[in-house]
Amino acid sequence: MNPGKAYRKRSFFLVVYIVFALLPIYWMVSMSFKSNAEILSSFNLWPIDFTLDNYIKIFTDPSWYGGFINSLIIVSLNTVMSITVAIPAAYAFSRYQFIGDKHVFFWLLSNRMMPPAVFVLPFFQLYTMVGLMDTHIAVAMAHMLFTVPLSVWILEGFMSGIPREIDETAYIDGYGFVGFFFKIFLPLIKSGVGVAAFFCFMFSWVEMLLARTLTSVEAKPIASIMTRTVSAEGMDWATLAAAGVLTIIPGAIMIWFVRHYIAKGFAMGRV
Amino acid sequence: MNSRSKPVNQKAWLLVLPVMLSVAFTAILPLMTVVNYSVQDILSPERRLFVGADWFAMILRDSELHEALWRQVVFSLSVLLIQIPLGLMLALSMPTEGWRASAVLVVIALSLLVPWNVVGTIWLMFSRTDIGLLGVTLQSLGIDFNFTGDPVDAWITVLLMDTWHWTPLVALLCYAGLRSIPGAYYQAARIDGASKWAVFVYIQLPKLRGVLMIAVLLRLMDSFMIYTEPMVLTGGGPGDSTTFLSQYLVTMAIGQFDLGPAAAFSIIYFLIILLFCFALYNWMQRIGFGNKEVSK
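Residues numbered from 1 in each chain as written. Chains lettered and ligands numbered in written order. Predicted model: local features only at pLDDT ≥ 70, side-chain atom pairs only at ≥ 80, totals over all residues.

### Observations regarding the overall build of chain A
Part 1 of the argument: Secondary structure assignment for chain A yields 14 helices and zero strands.
Part 2 of the argument: Ordering the α and β elements of chain A from the N terminus gives α-α-α-α-α-α-α-α-α-α-α-α-α-α.
Part 3 of the argument: Counting over 271 residues, chain A shows a buried share of 46%.
Part 4 of the argument: For chain A, the proportion of contacts with a sequence separation of at least 24, taken over those separated by at least 6, is 81%. (Helix = DSSP H or I, 4+ residues; strand = E, 2+ residues; numbered from the N terminus. Buried ≥ 20, exposed ≤ 12 C-beta atoms within 10 Å, placed from the backbone. Contact = placed C-beta atoms within 7 Å.)

### Thoughts on the overall build of chain B
Part 1 of the argument: Within chain B one finds 13 helices and two strands.
Part 2 of the argument: Looking at chain B residue by residue over its 296 residues, the buried ones come to 40%.
Part 3 of the argument: Taking the contacts inside chain B whose residues are at least 6 apart along the sequence as the reference set, 72% of them involve residues at least 24 apart.

### Observations concerning the interface of chain B and chain A
Part 1 of the argument: Counting from both sides, the interface comprises 81 residues of chain B and, opposite them, 82 residues of chain A.
Part 2 of the argument: It is helix H1 (residues 12-38) of chain B that provides the largest number of residues to the side of chain B that touches chain A, a total of 15 residues.
Part 3 of the argument: A breakdown of the residues in the side of chain B that touches chain A according to their chemical character gives 60 nonpolar, 17 polar and four charged. (Nonpolar A, V, L, I, M, F, W, Y, C, P; charged D, E, K, R; others polar.)

### A word on helix H13 (residues 237-258) of chain A
Note that an α-helix has 3.6 residues per turn; residues three or four places apart therefore point the same way.
Part 1 of the argument: Over its 22 residues, H13(A) runs 33 Å from end to end, which matches the ideal 32 Å to within 8%, given 1.5 Å per residue.
Part 2 of the argument: The buried count for H13(A) comes to 16 of 22 residues, which makes it a mostly enclosed element. (Expected span 1.5 Å × (residues − 1).)

### Concerning the packing of helix H6 (residues 116-129) of chain A against helix H12 (residues 245-255) of chain B
Part 1 of the argument: Where H6(A) meets H12(B), the closest approach of the two axes is 9 Å, and the angle between their N-to-C directions is 5°. Taken together, the axis directions place H6(A) and H12(B) in an arrangement best described as roughly parallel. Taken together, the residues of H12(B) that come into contact with H6(A) (itself represented by Ala117(A), Val120(A) and Leu121(A)) are Ser246(B), Leu249(B), Val250(B), Ala253(B) and Ile254(B).
Part 2 of the argument: Grouping the amino acids of the contact of H6(A) with H12(B) by side-chain chemistry returns seven nonpolar, one polar and no charged. (Axes fitted to C-alpha atoms, helices over the stretch in contact; angles between N-to-C directions. Parallel < 35°, antiparallel > 145°, perpendicular 65-115°, else oblique.)

### A word on the packing of helix H7 (residues 136-160) of chain A against helix H10 (residues 190-206) of chain A
Residue and element names in this part refer to chain A.
Part 1 of the argument: Contact geometry for H7 and H10: axes closest at 9 Å, N-to-C directions at 160°. Between H7 and H10, the angle falls in the class roughly antiparallel. When the axes of H7 and H10 are compared, the crossing they make is right-handed. Counting all contacts with H7, which are made through His-143, Phe-146, Thr-147, Leu-150, Ser-151, Ile-154, Leu-155, Phe-158 and Met-159, the residues of H10 involved are Gly-192, Val-195, Ala-196, Phe-199, Cys-200, Phe-203 and Ser-204. (Left-handed = near helix turned anticlockwise from the far one by under 90°.)

### Notes on the nonpolar core
In a soluble, globular protein the nonpolar side chains are often hidden away together inside.
Part 1 of the argument: Judged by nonpolar contacts, the single largest core of 159 residues is most densely connected at Ala86(A), Ala89(A), Val120(A), Val152(A), Leu113(B), Cys174(B) and Leu249(B).
Part 2 of the argument: By residue number, the principal contributor to this core is H7(A), which donates 16 residues.
Part 3 of the argument: Not counting chain neighbours up to four residues away, the residues in contact with Leu113(B) comprise Met202(A), Trp205(A), Val206(A), Ile248(A), Gly251(A), Ala252(A), Met254(A) and Ile255(A). (Core = buried A, V, L, I, M, F, W, Y, C linked by C-beta atoms within 7 Å.)

Okay, structure coming up:
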């Protein structure tokens, strides 16, 4: 087989997969620009009666856009808290040896193996007990269960890629630890922080079982508002599709920002 | 990562402390609660009876759960057998540089960032036989596709949905692994006149060992915990043909509020996942993927 032929074969496979990846999304986008009547009455490959009503409905109804705001608050809180606790720990793992370091590292990762469903019950009890039920912070903290281990893992990889000589030179130049850390070290690993933030975002934005369990009214994320609509009078397909499209947009923006580092983030982690 | 050259410093524990505290609150405390509940019959907050291993015995004898466990095992195995080779192939065919690489990366990662119940919703809209692109297309091709009525079709749809959702994760991991192989390896292979297949088996696969291990373990864990997507797509039906373990647990814990049995079930569930991961981890270490490189 000559290389050109092999290349074409591979590109063909890639194109087929991309079509497969985009078709369901295309279908949702197309439905979001149709009216419910059009969706149910006839089968059209693209919207015939192009309408923005579904989006207008979401942006004017507080129970809809409130869900987006709640989701964004939850994800931001989670990302900030996870990265804040993960950075010092990752630095410790990448720079020092201490008693039990390897065990702690793997134990952190093993938290990722517990099905969220296992925690539904105790989380409900725990957060009721401490009076945090139905708050954004409760969901953000619950999501730290899987975002913290992942952040430590990714940040540790990026930090280990930075030679220790940099630390030493900085001390010789008269920087204190704090000055060195914020002025020199953090800027060096900012792509790592970006990738870690991306993964925090990814797992917190998409998770829904714990989020649904821990919220009822005030802090309900968009994901659980959408399930409620599924069981409401008939199916409001059009609004559901529009809401679905809107939930993908923040993720797409996030990927665009970190696209050069995503692959690197995986490769550098302690695999 | 050469850990031997790192200085020993016990004060580093102070830097790990915030992580430990946060994990203690989100993981250890709840886990203790589960263990606590699993051995008690909670009639009301004031009245609890110690019942020992009764709940465990009850759960282990539950034939409905046995069936769900089988379904779960078959599902997870199918997921691994489809998504790992597919993700690997995808990673091998992804462009390596230029705007194409960025574009493909973004398009491929897209499905990972869709909220899980929206994944279910998308596929519900996509596969409906009256209004969905997939459903209507299959029907018009004369294929009797009906995922709400036919268990086999429901299974295929759930598997297809999961493949759509998670294959990109495998692909991204493998892509990252492939990028970290030094170009010198390929040059050496070219000088030796190695075939594409030989390059794959003797260079790429051994180098991908680490990322493949992570990919397999992540896919195993996550598919074993699957809840939201099939819940939205099929609601566990038709009958209970696509009802997986998590759904029983959630019904027990939240729906019926049977704290004791749900806690016992949680622990057994967790141990099963741990056991599978451990077994697979050991097996993958033993088969070794060709040369045994000393990985960090």
